[in-house]
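# Working through the structure, step by step
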Amino acid sequence: MNETQIITVRYWAGARHVAGTDADHLSVTTELTLVQVLARAVAEHPGTTLSDVVKACSVLVDDLPVGSRDPASVTVSPGQVVEVLPPFAGG
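Definitions and cut-offs
- Residues numbered from 1 in each chain as written.
- Predicted model: local features only at pLDDT ≥ 70, side-chain atom pairs only at ≥ 80, totals over all residues.
- Heavy atoms only, no water.
- Buried < 20%, exposed > 50% of the residue type's maximum accessible area, 1.4 Å probe, protein only.
- Helix = DSSP H or I, 4+ residues; strand = E, 2+ residues; numbered from the N terminus.
- Pairing = 2+ DSSP bridges.
- Contact = heavy atoms within 4.5 Å.
- Axes fitted to C-alpha atoms, helices over the stretch in contact; angles between N-to-C directions.
- Salt bridge = Lys/Arg side-chain N within 4 Å of Asp/Glu carboxyl O.

## Considerations on the pairing of strand β7 (residues 81–85)
- Here β7 lies mainly inside the structure; 5 of its 5 residues are buried.
- Pairing of strand β4 (residues 58–61) with β7 involves 4 bridges; the strand directions are antiparallel. Bridge pairing in β7 links Val 59 to Val 84.

Okay, structure coming up:
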């Protein structure tokens, strides 16, 4: 039997505001795709617009930008951190 571990999803700026928290800690026993991680994170916050906010965000996995890669092909392992960063104004 696989040991339960955590994938942390951190929210920044507007994503934090909508989620009502700075992070979620998802219990997992195996790696997930980024699509699965984000779907589980959104499900933690029913009745919010987090799904829409996440679609507009940049995402990092362990400080590495996902960029234009297909989120369904990006794997997230237990112990990794996913950062959800809304677009920032200014420069």
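## Observations regarding the sheet that holds strand β2 (residues 23–28)
- Pairing is mixed across the open sheet formed by 5 strands, whose spatial order is β2-β1-β7-β4-β5. The sheet is open, and its two borders are formed by β2 and β5 (64–65), each paired with just one other strand.
- Across the sheet, helix α2 (residues 34–43) lies against β1 (5–11), β2, β4 and β7, angled at about 120° from β2, the strand it touches most.

## So, the pattern of salt bridges
- Going through the model one piece at a time under the given rule, you end up with 1 salt bridge.
- One salt bridge connects Arg 10 with Glu 83, and the closest N-O pair in it is separated by 3.1 Å. Of this pair, Arg 10 sits in strand β1 while Glu 83 sits in strand β7, placing them 73 residues apart in sequence.
- The exposure class assigned to Arg 10 is partly exposed, which follows from its relative accessible area of 35%.

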